[in-house]
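Examination of the molecular architecture
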Amino acid sequence: GLLLAALLVSHMLLTKEGVTSLPICPNGSVNCQLSLEELFDRAVKLSHYIHFLSSEMFNEFDERYAQGRGFIAKAVNSCHTATLTTPEDKEQAQQIHHEDLLNLILGVLRSWNDPLIHLASEVQRIKEAPETILWKAVEIEEQNKRLLEGMEKIVGRVHSGEVENDIYTPWDGLPSLQLADEDSRLFAFYNLLHCLRRDSHKIDNYLKVLKCRLIHDNNC
Amino acid sequence: DFLQSPQISKCRSPEMETFSCFWTAGNFYNLTVPRVLQLLYKKSNEEDWKECPDYITSGQNSCYFNASYTSVWTPYCVQLASKNEVYDKKCFSVDEIVLPDPPVHLNWTLLNTSQTGIHGDIQVRWDPPPTADVRKGWITLEYELQYKEVNETKWKELKPRLSTMVPLYSLKTARDYEIRIRSRQRTSEKFGEFSEILYVSFSQIGIGCDHCTEEVEFPWFLVLVFGVCGLAVTVISIMLSKQPRLKMLIFPPVPVPKIKGIDPDLLKKGRLDEVNSILACHDNYKTQLYSDDLWVEFIELDIEDPDEKNRASDTDRLLSEDHLKSHSSLGAKDDDSGRASCCEPDIPETDFSASDTCDATCDSDQFKKAAEKDLLCLDRQDNDESLPSLANTDPQRQHRNTQPENSHLWAPFGDSVESPRPSVHTQISNQNSLASTDFYAQVSDITPAGRVVLSPGQKSKLGRAQREGCTEQNFTMDNTYFCEADVKKCIAVTSHEENEPPVQEQGYNEDGYFTTESLTTTVANLGASTAAPPSSEMPVTDYTSIHIVQSPQGLVLNATALPVPDKEFNMSCGYVSTDQLNKIMP
């Protein structure tokens, strides 16, 4: 009975949608060396999953709360990560050095750490928030941490020199998520989710470009 | 026909490197000044609206932004305006409007055919749209394939997949098929346009099966018809069969009601006289019921001689292991008599009050006496004397214990009604021999297993001198018994002289009076060390151990060291009345 329950729980934990378990190198194992290809594979899977969740979450939020409030018209918003200069088209993405791009990815991920934590907690205070949105917020926050860890591993492998840790944008949007006026508060959530979708797409794209460049020699 | 103002129909980027916006001009035919529509755009961080850089490349009523004007994750706003008026406005970012071009270079190859040649498998391959830079990973595409027979109307869809080839199984070689594919950016919802249609014809490669047009389909209809017939035949045969067992198995008989009542027809017909007569015979009905009904048992009254019963049967039964498990009450019979369900012995109410009077009598005076000290105020009885009556609550007299040579049983001063009867008898080590001699014993120890070890009064005297110190202690007057703490102190002072099991912190000696609670806790808390059976150590044969504890007031004493099941002493006052004991013992 107990064994069966343990097996079921471990199966549930391991088979997340889009993220399969790769038991070759369990977490925390010091001596195990994953190949760079493996690391990139996992990172891309994670980034894709995060973007997928963000997309869905944004769509659900849009459907549920944004209709009729005219959010779309106002949403020429600026995200808190806009201060980071990231490649905005293919040319720039191909010209940037892979180490710099990796650092940028790390910077964006770190900058989202804080907002995601608060998103997960504040979204629960939305009146009658659907369970799916709540669950996704928590899941994204978790996966983001994992991706950050993975990226740090990759950076450790790829970097020749010192690792720069100073790419980071602080987030000061917490008060807007806690506004008393429901409309303003929901608009703040809308913006945050919109930014999350965009930035997760960015990260996903950069990682795929890097993977094709470093692992497959531009021949994916 | 109503006026339609110019509108931006859509903005689209095929590869996330360029994008185009398309609009409709509307039908403002009546304007004198020909309308010149402009598309203005603005990036989010800019102030000014700029004009479209290329009105031509994407066709009429379009605006094309090439790679140098395109920033992917930057919010744009475009607006359709003429000189004075803004007709439409749209805001977006390029990553949101990606709609890839269709795949190209569709082809198919034969994988294999079935043995009969009727079906075949093919593999379809294609290339990603040339505009999409999949090789550098700038965009990741998903493909959806649809196919159908040539003369069908509905397309069959396959699940979107990342690879650029897919097998199609079990296509009929006699038919021709059409295939089309479309793509979308992964994690987008919208697909781009369909590719050109690919035609699949097996006859072209010489596999077409001309004489295979007749298809062997599974004869569902026949199966159904035959199945229903077979089932009907089976059912009918069962119903008609002479085998009652089979019949009962499949068609169990519906039980008819057994309750005799009034025929409702009588009520309907209004025959009240007859109804009345029936109702008057209610008694008759009752007896009838009893005689007919098998499920009612009469409660059997026990009118046998209690002594005889107790002597012969109960104790035996109590002392044997079987009765430990059964719901043996003192009066239990093996048959289903009414008393079987009652687990309490037939004890008159007065027995309980005996325990109350114990409170009055078990005061500290007793302790001051060097004479016997019984546990739980047990030494009132004098085996030579008659049992003290309940009415006689003179403690002093009751405490008068002549020290017999016999051991004291910790029997409560129970009923005086049955005073001539001997009090609790101990049993000699021979389990089944019921001692007829009267003697008392004192509880000398309670083993971890829950057995109360009794020792004869004589022996207890030996150590009494040493225990004098105990007796001088103050005991609470209101509580007839020692507090457990006091007992512990008492025990700590003294030591076991006799060959008794080693004293534990909560071990008992015969000096102590114990509250029921203390007894209970002690029994429950006794440590691991089990006491050796006292009978093996004690030279005197009349040791007993508690064999069974009958809830709530029973104790059966057994001379031998039988393993006592873990039962707690949950008696009201911790001892049985004489009467109860008399019922237990001979």
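Residues numbered from 1 in each chain as written. Chains lettered and ligands numbered in written order. Predicted model: local features only at pLDDT ≥ 70, side-chain atom pairs only at ≥ 80, totals over all residues. Heavy atoms only, no water.

1. A closer look at the state of the cysteines
All names here are of chain A. Across all of its chains, the model carries five disulfides over all chains by this definition. Across the disulfide, Cys79 is cross-linked to Cys195 (sulfur-sulfur distance 1.9 Å). Residues Cys79 and Cys195 share a disulfide whose torsion about the S-S bond is about -95°; that sign makes it left-handed. Highlighted residues: Cys79 in the loop between helix 3 (71-74) and helix 4 (90-95) and Cys195 in helix 8 (residues 182-214), separated in sequence by 116 residues. A relative accessible area of 9% means that Cys79 is categorised as buried. (Disulfide = S-S within 2.5 Å. Helix = DSSP H or I, 4+ residues; strand = E, 2+ residues; numbered from the N terminus. Buried < 20%, exposed > 50% of the residue type's maximum accessible area, 1.4 Å probe, protein only.)

2. Regarding the interface of chain A and chain B
Chain A puts 25 residues into the contact, and the matching count from chain B is 26 residues. Regarding the contact of chain A and chain B, the summed buried area is about 2300 Å², with carbon and sulfur atoms giving 52% of it. A per-residue breakdown of the area chain A buries against chain B is headed by Glu88, Lys90 and Arg198 of chain A, which together make up 26% of the total. Here chain A and chain B share three salt bridges between them. We note a salt bridge from Glu96 of chain B to Arg197 of chain A, for which the minimum N-O separation is 3.0 Å. (Contact = heavy atoms within 4.5 Å. Buried area = accessible area lost by both parts, 1.4 Å probe. Salt bridge = Lys/Arg side-chain N within 4 Å of Asp/Glu carboxyl O.)

3. Concerning the confidence of the model for chain B
All names here are of chain B. Looking at chain B as a whole, its pLDDT mean stands at 66, while 44% of the residues score no less than 70. The low-confidence segment residues 286-290 (pLDDT under 50) makes three contacts with residues lying over four places distant or belonging to another chain. pLDDT under 50 marks residues 561-574. Its contacts with residues more than four places away, or in other chains, come to 58 contacts. Here the prediction assigns the complex a pTM of 0.54, and the interface score ipTM is 0.81. (pLDDT = per-residue confidence, 0-100.)

4. Considering the packing of aromatic side chains
Residue and element names in this part refer to chain B. The full count for this structure, using the stated rule, is 15 aromatic pairs over all chains. Here the aromatic rings of Tyr41 and Phe65 are separated by 5.0 Å at their centres, their planes lie at 85°, and the arrangement is edge-to-face. Pair noted here: Tyr41 is in strand 3 (residues 38-43) and Phe65 is in strand 5 (residues 62-65), with a separation of 24 residues, a long-range link. For the pair Tyr41 and Phe65, one class covers both residues: buried. Ring geometry for Tyr41 versus Tyr69: centroids 6.4 Å apart, planes at 90°, classification edge-to-face. (Phe/Tyr/Trp six-rings, centres within 6.5 Å; stacked < 30°, edge-to-face > 60°.)

5. Points about the pairing of strand 3 of chain B
Residue and element names in this part refer to chain B. Judged from the six bridges that link them, strand 3 and strand 6 (residues 75-81) form a sheet pairing that is antiparallel. Paired with Lys42 across the strands is Cys77, a residue of strand 6. With two bridges connecting them, strand 3 and strand 4 (residues 50-51) associate as antiparallel partners. Considered in strand 4, the bridge of Tyr41 is made with Lys50. The hairpin turn running from strand 3 into strand 4, its antiparallel successor, is six residues long. (Pairing = 2+ DSSP bridges.)

6. Observations concerning the UniProt feature "transmembrane region" (unreviewed entry) in chain B
Residues annotated by UniProt as "transmembrane region" (unreviewed entry) correspond here to residues 218-240 of chain B. Within the segment residues 218-240 of chain B, helix and strand shares are 91% and 0% respectively, and the terminal C-alpha atoms sit 35 Å apart. (UniProt positions renumbered as here; feature names shortened; annotations may be inferred.)

7. Re the pattern of salt bridges
Under the definition given, this model contains 19 salt bridges over all chains. In this structure, Lys202 of chain A engages Glu88 of chain A in a salt bridge whose closest nitrogen and oxygen atoms are separated by 3.7 Å. Separated by 114 residues along the polypeptide, Lys202 of chain A in helix 8 and Glu88 of chain A in the loop between helix 3 and helix 4 bring together distant segments of the chain. Taking relative accessible area as the criterion, Glu88 of chain A reaches 15% and is therefore assigned buried. For the salt bridge of Arg12 of chain B with Asp101 of chain B, the shortest nitrogen-to-oxygen distance reads 2.7 Å. Of this pair, Arg12 of chain B sits in strand 1 (residues 7-12) while Asp101 of chain B sits in the loop between strand 7 (86-93) and strand 8 (104-113), placing them 89 residues apart in sequence. Connected through shared salt-bridge partners, Lys90 of chain A together with Glu17, Asp133 and Lys136 of chain B make up one network.

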